[in-house]
Amino acid sequence: MRLRRLALLAVAALLTGAAPAERAVPDPRSADRIRATGYPAPRSENIAAGQPTPAAVMDAWMHSAGHKANILDCTATQMGLASATGGDFGIYWTQDFGTAR
C-alpha cells in the first residue's frame, strides 16, 4: 500500500511539474524521494503519459527496454501503481517498484 501512495505522489508531481519526456531516463532522485517517505528499499520507477487505458500503458512500457527491465526485475517484489487525469497529456501513470525488508 505504501508504494501505491508513493506512485500517487509521483503522478501528482507530473501534473504540476516536469513533463514525462524529461523523466524518460533513469532518475536517481526517485529512489531518494521514495526512501524519504519511509519506504526502505526502493528499486525503480516507470512513468508515462497520454495512454488512455491500463492496457495501452503496459504495452508502451513493455516496448521500452528500460521500462520493461523494471517490470521484469525479479528483485522487485512489491509494486505500487497510480494514475491521475488532467494536465497537458490528459492522463499520467506511475509504477514504483521496491522490495520488502
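Please read these numbers as outputs of a predicted model, since none were measured by experiment.

The rules we used
- Residues numbered from 1 in each chain as written.
- Predicted model: local features only at pLDDT ≥ 70, side-chain atom pairs only at ≥ 80, totals over all residues.
- Heavy atoms only, no water.
- Pairing = 2+ DSSP bridges.
- Helix = DSSP H or I, 4+ residues; strand = E, 2+ residues; numbered from the N terminus.
- Buried < 20%, exposed > 50% of the residue type's maximum accessible area, 1.4 Å probe, protein only.
- Salt bridge = Lys/Arg side-chain N within 4 Å of Asp/Glu carboxyl O.
- Axes fitted to C-alpha atoms, helices over the stretch in contact; angles between N-to-C directions.
- Contact = heavy atoms within 4.5 Å.
- pLDDT = per-residue confidence, 0-100.
- Core = buried A, V, L, I, M, F, W, Y, C linked by side-chain atoms within 4.5 Å.

**Remarks on the pairing of strand β2 (residues 78-86)**
Regular strands have side chains that alternate between both faces of the sheet. As judged from the nine bridges shared by β2 and strand β3 (residues 90-98), these two strands associate in the antiparallel manner. Looking at β3, one finds that Gly86 is bridged to Gly90. Once β2 ends, the chain turns through three residues before running back antiparallel as β3, passing Gly87 with a positive phi of about 65 degrees.

**Describing the pairing of strand β1 (residues 42-49)**
Most of β1 sits inside the fold, with seven of its eight residues counted as buried. Judged from the seven bridges that link them, β1 and β3 form a sheet pairing that is antiparallel. Across the sheet, the residue bridging to Ala49 is Tyr92, located in β3.

**What about the pattern of salt bridges?**
A side chain with one charge may pair with a side chain of the opposite charge, provided their charged atoms come close. What the rule picks out here adds up to two salt bridges. Close ionic contact of Asp32 with Arg35 constitutes a salt bridge, the shortest N to O distance being 3.5 Å. Of this pair, Asp32 and Arg35 both sit in helix α2 (residues 28-36), three residues apart, roughly one helical turn. Here Asp73 ties to Arg43 by a salt bridge, and the two come within 3.1 Å at their closest N and O atoms. With Asp73 in the loop between α4 (65-72) and β2 and Arg43 in strand β1, the pair connects residues that are 30 residues apart, well separated along the chain. Taking relative accessible area as the criterion, Arg43 reaches 43% and is therefore assigned partly exposed.

**Considering the sheet that holds β3**
Spatially, three strands are ordered β1-β3-β2 in an open sheet, and the strand pairing comes out antiparallel. Edge positions in the sheet fall to β1 and β2, since each of these pairs with one other strand and no more. The sheet shows a mean angle of 15 degrees between the axes of neighbouring strands, taken without regard to direction. Against the sheet, helix α3 (residues 54-62) makes contact with β1, β2 and β3, and its axis sits at roughly 60 degrees relative to β3, the strand it touches most. Against the sheet, α4 engages β1 and β3, with an angle of about 135 degrees to β1.

**Details of the side chain of Gln95**
Position of Gln95 relative to the elements: it lies in strand β3. Once residues lying within four places of it in the same chain are set aside, the contact partners of Gln95 are Ser44, Glu45, Asn46, Met58, Trp61, Ile71, Met79, Gly80 and Leu81.

**Some remarks on the confidence of the model for the protein chain**
Overall, the prediction assigns the protein chain a mean pLDDT of 79, with 72% of residues at 70 or greater. Every residue in residues 19-25 is under pLDDT 50, and counting partners more than four places away or in other chains gives 11 contacts.

**Structural notes on the nonpolar core**
One finds Ala48, Val57, Trp61, Ile91 and Trp93 forming the largest nonpolar core, which totals five residues. Those elements that place two or more of their residues in this core are α3 and β3. Those residues within four positions of Ala48 in sequence are excluded, and the remaining contacts are Val57, Trp61, Ile91, Tyr92 and Trp93.

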